[in-house]
Amino acid sequence: GAVVSQHPSRVICKSGTSVKIECRSLDFQATTMFWYRQFPKQSLMLMATSNEGSKATYEQGVEKDKFLINHASLTLSTLTVTSAHPEDSSFYICSARDPSGGAVAYNEQFFGPGTRLTVL
Amino acid sequence: GQNIDQPTEMTATEGAIVQINCTYQTSGFNGLFWYQQHAGEAPTFLSYNVLDGLEEKGRFSSFLSRSKGYSYLLLKELQMKDSASYLCAVGRDDKIIFGKGTRLHILP
């Protein structure tokens, strides 16, 4: 149980284009999903908390107009990197909480496999 | 704010025991997690401590002292597949904040 998928796994795009990354909870409903970014040999940095049916909550320093988050259903959240630039190249990982009781703690997160974004 | 410190890299020998330490300072503490992450992959859950003491799960154990802001992950009978990064992460309110991770190298 508690499986999270991401699509695509890898994407290469030209500078100035927009890229959409999907995060799905496959066997549970997730009212809350999280988006992280990880640069090489760095930690996972929380970008935003995605709440189903409401606006995402962004961490300090994260541009909400550049990283658009939509959580329109209980199983899907999307992150759109708008007008991507080479410095946006990174590993983007989503996670979700499973409120159905399968976690060791209410705040345990289950991670997707990540999306490697390369902006040329 | 929060601050999570763990060693950047460690090296150990196959079959041996290694302890990875983590110190943290945070408000709204809500448990401490350890995750394993292989290069290019997402983190996988190893352990969770919310009360002081030792939690044992097979070859892996995790310890927490809330008063000292200190945790460690103990790996026994090391195997080559244990070569990975180990992330100490602190639950803060409803979020999880990650440390920079410790890259563990296992020598045959």
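All values derive from a computational prediction rather than experimental measurement.

Engineer: I tried to follow the state of the cysteines on my own but got confused; where do I start?
Structural biologist: By definition, a disulfide is the covalent link that joins the sulfur atoms of two cysteine residues. Considering all chains together, one arrives at two disulfides over all chains under this definition. Each disulfide pairs two cysteine sulfurs, and for Cys23 of chain A the partner residue is Cys94 of chain A, the sulfurs being separated by 2.0 Å. The sign of the 80 degrees torsion about the S-S bond sets the Cys23 of chain A-Cys94 of chain A disulfide as right-handed. A residue pair is termed long-range when its members are at least 10 positions apart, and Cys23 of chain A in strand β3 (residues 19–25) and Cys94 of chain A in strand β9 (residues 90–96) qualify at 71 residues. For Cys23 of chain A, a relative accessible area of 0% corresponds to the buried category. Here Cys22 of chain B engages in a disulfide with Cys88 of chain B; their sulfurs sit 2.0 Å apart. Across the disulfide from Cys22 of chain B to Cys88 of chain B, rotation about the S-S bond amounts to roughly -70 degrees, and the bridge is consequently left-handed. Taken together, the positions of Cys22 of chain B in strand β3 (residues 18–26) and Cys88 of chain B in strand β9 (residues 84–92) put the pair 66 residues apart, joining distant regions of the chain. Note on Cys88 of chain B: relative accessible area 0%, which makes it buried.

Engineer: Any chance you could explain the interface of chain A and chain B here in plain terms?
Structural biologist: One frequent convention defines the size of an interface as the accessible area lost when the parts assemble. Counting residues at the interface gives 23 residues for chain A and 21 residues for chain B. Carbon and sulfur atoms supply 55% of the area buried between chain A and chain B, which totals about 1700 Å² over both sides. The largest contributions to the chain A side of the interface with chain B come from Ser43, Asn107 and Phe111 of chain A, which together make up 26% of the buried area. Of all the secondary-structure elements, those providing two or more residues to the side of chain A that touches chain B are β4 (32–38), β5 (45–51) and β9 of chain A. For the side of chain A that touches chain B, the per-class residue count stands at eleven nonpolar, seven polar and five charged.

Engineer: Looking at this structure, I do not really get the sheet that holds strand β8 (residues 76–81) of chain A. What am I missing?
Structural biologist: Pairing between sheet strands relies on hydrogen bonds along the backbone, with the strands arranged either parallel or antiparallel. Residues and elements named next belong to chain A. Overall, antiparallel pairing links the four strands, which are arranged β1-β3-β8-β7 in an open sheet. Of all the strands in the sheet, the pair left with one neighbour each is β1 (4–7) and β7 (67–73). Neighbour to neighbour, the strand axes of the sheet diverge by 15 degrees on average, direction disregarded. In terms of strand pairing, β3 meets β8 through six bridges, oriented antiparallel. The partner of Val19 across the bridge, within β8, is Val81.

Engineer: In this structure, what is going on with the pattern of salt bridges? I would like to understand it.
Structural biologist: Pairing of side chains with opposite charge becomes possible as their charged atoms draw close. Residues and elements named next belong to chain B. If you walk through the whole model with that rule in mind, you get seven salt bridges over all chains. Of the charged contacts, one joins Arg66 and Asp52 as a salt bridge, the two residues approaching to 3.0 Å between their closest N and O atoms. Taken as a pair, Arg66 in the loop between β7 (60–65) and β8 (70–75) and Asp52 in the loop between β5 (44–49) and β6 (53–57) lie far apart in primary sequence, 14 residues in all. With relative accessibility at 42%, the residue Arg66 sits in the partly exposed group.

Engineer: Please explain the nonpolar core as it appears in this structure.
Structural biologist: Core analysis: the largest hydrophobic core is formed by 26 residues, its most contacted members being Val4, Trp35, Phe67, Leu79, Tyr92 and Leu117 of chain A. Breaking this core down by element, the ones donating at least two residues are β2 (10–13), β3, β4, β5, β7, β8, β9 and β11 (115–119) of chain A. Membership of the second largest hydrophobic core comes to 21 residues, among which are Tyr24, Leu32, Leu46 and Ala84 of chain B.

Rules used in this analysis
- Residues numbered from 1 in each chain as written.
- Chains lettered and ligands numbered in written order.
- Predicted model: local features only at pLDDT ≥ 70, side-chain atom pairs only at ≥ 80, totals over all residues.
- Heavy atoms only, no water.
- Disulfide = S-S within 2.5 Å.
- Helix = DSSP H or I, 4+ residues; strand = E, 2+ residues; numbered from the N terminus.
- Buried < 20%, exposed > 50% of the residue type's maximum accessible area, 1.4 Å probe, protein only.
- Contact = heavy atoms within 4.5 Å.
- Buried area = accessible area lost by both parts, 1.4 Å probe.
- Nonpolar A, V, L, I, M, F, W, Y, C, P; charged D, E, K, R; others polar.
- Pairing = 2+ DSSP bridges.
- Axes fitted to C-alpha atoms, helices over the stretch in contact; angles between N-to-C directions.
- Salt bridge = Lys/Arg side-chain N within 4 Å of Asp/Glu carboxyl O.
- Core = buried A, V, L, I, M, F, W, Y, C linked by side-chain atoms within 4.5 Å.

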